[in-house]
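Residues per chain, in single letters:
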Amino acid sequence: MVSVLISDGAVNALEALGAAQAVIEYLGTAAFAISAALLAGRRRMTVVGVVVFSVIVATGGGTIRDILLGDLPVYWVADPRPLLVAAVAAGVTIALVEIGSVSLLRRYNLVRLFDAAGLALFTIVGTNIALETGADALAAIVVGIITGVGGGMIRDTIAGRIPEVLASGHMYATAALTGSVLNVLLLSYTDLAPTLASSTSVAAIFGLRLLAARYGWGVPQFSIADESAAPDTDERA
């Protein structure tokens, strides 16, 4: 049974996270909202469209998580503050772009940077919340991954792109998996404070994702040639 991986100490440690977990979730919300706002600007959305898009993306992963866990109504219905955090983050991003501040950082891929932060933060929040609800290790890890990649998938789909988690070989879901497993192990088998365990796991996902993108680390991509472009060899003159 996978559930033996979870010790009572891990569950008690998660309960001790308290406000720290809320801070992690707010940071993840802001990170995904910023990544969505930057992409929306590239797609030339209206200002209202940017804010709506950012809010949907920033709360998407957590919404999927709560539905999977049967925790209804979903978190932002019970507490609308995440909606406000996402809207404010989008508004601040719009303002910074308009005054030219973001142009100072053009050499960095800001969408990827904030997406990596959102991925890392939401993966660990999703894993922790799943553990708190009594899920075993495997289920908690899966919920964590889905929570982490959900916002990015929603963002890319609405923006008309193939979701990066599906098309990129640069350790997207793999980074989330690694961090989620690490989080479970640290909580179950070490004496690390829960905040430190979660922070370490967040840093592992964030670092692995950026390093993979920088140095081309990743998993092989599957490709089939487009047969429609090739002549039909079965046809006879």
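Note: the structure precedes this text.
This section reports on the structure supplied with the text. (Residues numbered from 1 in each chain as written. Predicted model: local features only at pLDDT ≥ 70, side-chain atom pairs only at ≥ 80, totals over all residues. Heavy atoms only, no water.)

### Section: the overall build of the chain
Alright, step 1. Counting its secondary structure elements, the chain contains ten helices and zero strands.
Alright, step 2. Helices (α) and strands (β) of the chain occur, in sequence order from the N terminus, as α-α-α-α-α-α-α-α-α-α.
Alright, step 3. When the 237 residues of the chain are sorted by exposure, 43% land in the buried category.
Alright, step 4. Considering only intrachain contacts with a sequence separation of at least 6, the fraction spanning at least 24 residues in the chain is 77%.
Alright, step 5. Summed over its atoms, the accessible surface of the chain is roughly 12200 Å², and 65% of this surface lies on carbon and sulfur atoms. (Helix = DSSP H or I, 4+ residues; strand = E, 2+ residues; numbered from the N terminus. Buried < 20%, exposed > 50% of the residue type's maximum accessible area, 1.4 Å probe, protein only. Contact = heavy atoms within 4.5 Å. Areas by Shrake-Rupley, 256 points an atom, 1.4 Å probe, with all protein chains shown as cover.)

### Describing the nonpolar core
Alright, step 1. Judged by nonpolar contacts, the single largest core of 29 residues is most densely connected at Leu119, Val149 and Ile205.
Alright, step 2. The element best represented in this core is helix α6 (residues 110–132), accounting for eight residues.
Alright, step 3. Apart from residues lying up to four places away in sequence, Ile205 is in contact with Leu119, Ala120, Thr123, Ile124, Ala175, Ala176, Gly179 and Ser180.
Alright, step 4. Core analysis: the next-biggest nonpolar cluster, separate from the first, contains 22 residues, Phe32, Val50, Val57 and Ala86 among them. (Core = buried A, V, L, I, M, F, W, Y, C linked by side-chain atoms within 4.5 Å.)

### Describing a nonpolar patch on the surface
Alright, step 1. Together, Leu84, Val88, Val92, Leu96 and Ile99 line one region of the surface with nonpolar side chains, adding up to about 460 Å² of accessible area.
Alright, step 2. By the element assignment, Val92 lies in helix α5 (residues 81–98).
Alright, step 3. You can call Val92 partly exposed: its relative accessible area is 43%. (Patch = residues over 30% accessible without salt bridge, like charges linked within 9 Å, V, L, I, M, F, W, Y side chains within 5 Å. Salt bridge = Lys/Arg side-chain N within 4 Å of Asp/Glu carboxyl O.)

### Some details on the side chain of Ser198
Alright, step 1. With respect to the helices, strands and loops of the structure, Ser198 is situated in helix α10 (residues 194–215).
Alright, step 2. Within polar-contact distance, the side chain of Ser198 engages the side chain of Asn128 at 3.1 Å. (Polar contact = N/O pair within 3.5 Å; in protein donor to acceptor, adjacent residues only side chain to side chain.)

### Topic: α6
Alright, step 1. If you check α6, its first and last C-alpha atoms are 33 Å apart, about what 23 residues at 1.5 Å a residue would give, namely 33 Å.
Alright, step 2. For α6, the buried fraction is high: 19 of the 23 residues fall into the buried class. (Expected span 1.5 Å × (residues − 1).)

### Focus: the packing of aromatic side chains
Alright, step 1. Applying the stated rule across the entire model yields two aromatic pairs.
Alright, step 2. Ring centres of Tyr215 and Trp217 lie 5.8 Å apart, and the angle between their planes is 25°; on these two criteria the pair is classed as stacked.
Alright, step 3. Taking relative accessible area as the criterion, Trp217 reaches 38% and is therefore assigned partly exposed.
Alright, step 4. One Lys or Arg, Arg65, reaches over the ring of Tyr75 and ends 5.0 Å from the middle of that ring.
Alright, step 5. Of note, Arg214 hangs over the ring of Tyr215, and the distance from its end group to the ring centre comes to 5.0 Å. (Phe/Tyr/Trp six-rings, centres within 6.5 Å; stacked < 30°, edge-to-face > 60°. Lys NZ or Arg CZ within 6 Å of the ring centre and 35° of its normal.)

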